[in-house]
Amino acid sequence: MSQPQSGILAALPRQARYLSFEILPEGDAAAALGAVAPLIDGDTAVMGVGRSLALELGVEIPGLRDFPASAIPGADIPATPAALWFWLRGDDRGVLLHKARRIEAAVKAAFRLHTVLDAFQHGKSRDLTGYEDGTENPRDEAAVDAAIVAGQGAGLDGGSFVAVQQWQHQFDRFEQLSAGEKDDVFGRRLSDNEEFDDAPPAAHAKRTAQESFSPPAFVVRRSMPWTDGMSGGLVFVAFGRSLDAFEALLKRMTGGEDGIVDNLFTITRPVTGAYYWCPPMGGGGQVDLSRLGL
Ligand code: HEM
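These numbers come from a predicted model, not from an experiment. (Residues numbered from 1 in each chain as written. Predicted model: local features only at pLDDT ≥ 70, side-chain atom pairs only at ≥ 80, totals over all residues. Heavy atoms only, no water.)

Visitor: Any details on the coordination of the iron atom of the ligand? Residues and values, ideally.
Guide: Only one protein atom coordinates the iron atom of the ligand: H204 (NE2), located 2.0 Å from the metal. Here H204 shows up in helix α7 (residues 204-207). (Donors = N, O, S within 2.8 Å, 3.2 Å for Na, K, Ca; no water. Helix = DSSP H or I, 4+ residues; strand = E, 2+ residues; numbered from the N terminus.)

Visitor: Outline the environment of P215, listing residues and values.
Guide: Within the secondary structure layout, P215 lies in the loop between α7 and β8 (220-221). P215 sits in the exposed class, given a relative accessible area of 64%. (Buried < 20%, exposed > 50% of the residue type's maximum accessible area, 1.4 Å probe, protein only.)

Visitor: Let's hear about the packing of aromatic side chains: which residues, and what values?
Guide: Tallied over the entire structure, the rule returns twelve aromatic pairs. Both rings, one in Y18 and one in W87, keep their centres 6.5 Å apart while their planes meet at 10°; by these two values the pair is stacked. Placement of the pair is Y18 in strand β1 (residues 15-23) and W87 in strand β5 (residues 84-90), with a sequence separation of 69 residues. Take Y18 and W87: they sit in the same class, and that class is buried. Between F67 and F246, the ring centres sit 6.0 Å apart and the planes meet at 45°, which makes this aromatic pair tilted. One end of the pair, F67, is in the loop between α2 (51-56) and β3 (70-72); the other, F246, is in helix α8 (residues 244-253), and 179 residues separate them in sequence. Take F67 and F246: they sit in the same class, and that class is buried. Chaining the aromatic ring pairs together yields one cluster made of Y18, W85, W87, F239 and Y276. The ring centre of W87 lies 4.9 Å from the NZ or CZ of R89, which sits over that ring. (Phe/Tyr/Trp six-rings, centres within 6.5 Å; stacked < 30°, edge-to-face > 60°. Lys NZ or Arg CZ within 6 Å of the ring centre and 35° of its normal.)

Visitor: Can you lay out the site of the ligand for me, pointing to particular residues and giving the numbers?
Guide: Residues in close proximity to the ligand total 26 residues, the closest being G134, E136, H204, Q210 and R221. One of the backbone N or O atoms of E136 is found 2.9 Å from an oxygen atom in the ligand. The contact in question runs from a nitrogen atom of the ligand to an N or O atom on the side chain of H204, over 2.9 Å. Judged by the proximity of its atoms to the pocket grid, the ligand belongs to the largest pocket. Take the shell around the ligand: its biggest share by element is four residues, from α8. A per-class count over the shell around the ligand returns eleven nonpolar, eight polar and seven charged. (Near = heavy atom within 4 Å. Polar contact = N/O pair within 3.5 Å; in protein donor to acceptor, adjacent residues only side chain to side chain. 1 Å grid on protein atoms, 1.4 Å probe; cavity = no way out; pocket = protein on both sides within 12 Å on 5 of 7 lines; lining within 4 Å. Sits in = over half its atoms within 2 Å of the grid points. Nonpolar A, V, L, I, M, F, W, Y, C, P; charged D, E, K, R; others polar.)

Visitor: An account of the pattern of salt bridges is requested, with residue identities and associated values reported.
Guide: Taken as a whole, this structure holds 16 salt bridges when the rule is applied. For the salt bridge of D118 with R93, the shortest nitrogen-to-oxygen distance reads 3.3 Å. In this pair, D118 sits in strand β6 (residues 111-120) while R93 sits in helix α3 (residues 93-107), placing the two residues 25 residues apart along the sequence. When the shortest N-O distance is used, the salt bridge between E195 and R188 registers 3.2 Å. The exposure class of R188 is buried, given its relative accessible area of 11%. One network of salt bridges, in which partners are shared, links R17, R93 and D118. (Salt bridge = Lys/Arg side-chain N within 4 Å of Asp/Glu carboxyl O.)

Visitor: Summarise the nonpolar core; cite the residues concerned and give the values.
Guide: One broad rule of soluble globular proteins: the nonpolar side chains tend to lie buried together. Among the nonpolar cores identified, the biggest contains 59 residues, and M47, I61, L84, F86 and F111 are the most heavily contacted of them. If sequence neighbours within four positions are ignored, F86 has contacts with R17, Y18, L19, F21, V36, I40, V46, M47 and I103. By size, the runner-up hydrophobic cluster in this structure holds 24 residues, among which are Y18, A82, L117 and Y276. (Core = buried A, V, L, I, M, F, W, Y, C linked by side-chain atoms within 4.5 Å. Contact = heavy atoms within 4.5 Å.)

Visitor: Any chance you could break down helix α6 (residues 179-186) for me, citing the residues and the numbers?
Guide: Helical geometry note: an α-helix holds 3.6 residues per turn, so side chains three or four residues apart project in the same direction. Along α6, the positions that sit buried rather than exposed are D183, V185 and F186. Each buried residue of α6 sits inside an arc of 150° when the element is viewed along its axis, so together they form one side. Packing partners of the buried residues in α6 comprise α5 (171-176) and α7. One or two positions beyond α6, positive phi appears at G187, with a value near 80°. (Arc of directions from axis to C-beta.)

Visitor: So what's going on with the pairing of strand β10 (residues 231-240)? Residues and values would help.
Guide: Two faces belong to every sheet, and in a regular strand the side chains alternate between them. Buried residues dominate β10, accounting for nine of its ten residues. Here eight bridges tie strand β7 (residues 160-169) to β10, and the two strands are oriented antiparallel to one another. By the bridge assignment, Q165 is partnered in β10 with F236. Here β8 runs beside β10; their pairing, made up of two bridges, is antiparallel. Of the residues in β10, the one forming a bridge with R221 is A238. Inspection of the sheet shows strand β9 (residues 224-228) paired to β10 by five bridges, in the antiparallel sense. Across the sheet, the residue bridging to T227 is G232, located in β10. Between β9 and β10, which pair antiparallel and follow one another directly, the connecting turn spans two residues, one of which, G229, has a positive phi of 60°. (Pairing = 2+ DSSP bridges.)

As structure tokens, this is what we get:
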């Protein structure tokens, strides 16, 4: 069986860095991808390909589509696509910086660095609000089933799709809430991480209960907190064997099903949004770009 990039299914690292790149008009994208592929082991570096890059190479990846921008009262859900995305994983920010520099150098004839965002683990998998994130993630075989493409042929099997959104928290607003109101944002108790029955329908865990969708909307979330100066929030990262589950979740969060908007929006906002295709691993411990014609 084709192997996925192992970082997708592995536990979160302590430190991370996200890079996104735009295509330069005159560059040779295929040559740049060939140059960067040996740096992408799928573990310390996970790679995602945006739709504009696939199209530039004359390819449509089945299932890779444009991120759906939308709006709710008082907030935008923006689409901020990019051509190439990397999730660098490790425990030493110096190592991540140097890896990022090598990746930038490898692709720079055809791609311009667009965003760099450092992220980290807060406690054990906690969001910066203090709430534990990832509790209801599928594990083991269920995680493979939720996140990894199968049955579509060589070059696609073992791949994955990822939705990435940088959310910026409004810490002052969050801190003004009572303990009960904070728990009602998430639908879980901060004290013991338990879901509670009388959580409001707008509570995040109620909105996104994965089994309550038809078909069930399981995703493998690998989100990590970020900070920049005095700002901070969560880089929401959800891997799926398709983008359907993420879209169903987001639709319900934004009131698209029943008009009820997720309480999360009272304390945080997405400031970016993009989809990428994460190719499978090939031979020689590097990513398999055969589906892109390489
Ligand atoms: C700042 C943004 C977000 C924060 C802080 C956040 C935080 C949380 C927390 C604390 C939980 C409960 C524990 C757990 O099961 O992980 C949770 C659950 C979940 N979240 Fe989020 N989340 C965010 C955005 C999103 C988005 C954008 C989606 C999908 C579109 C999403 C999908 C889910 C799912 C599927 C669950 C598990 C629900 C279940 O099956 O019980 N989250 N989130």
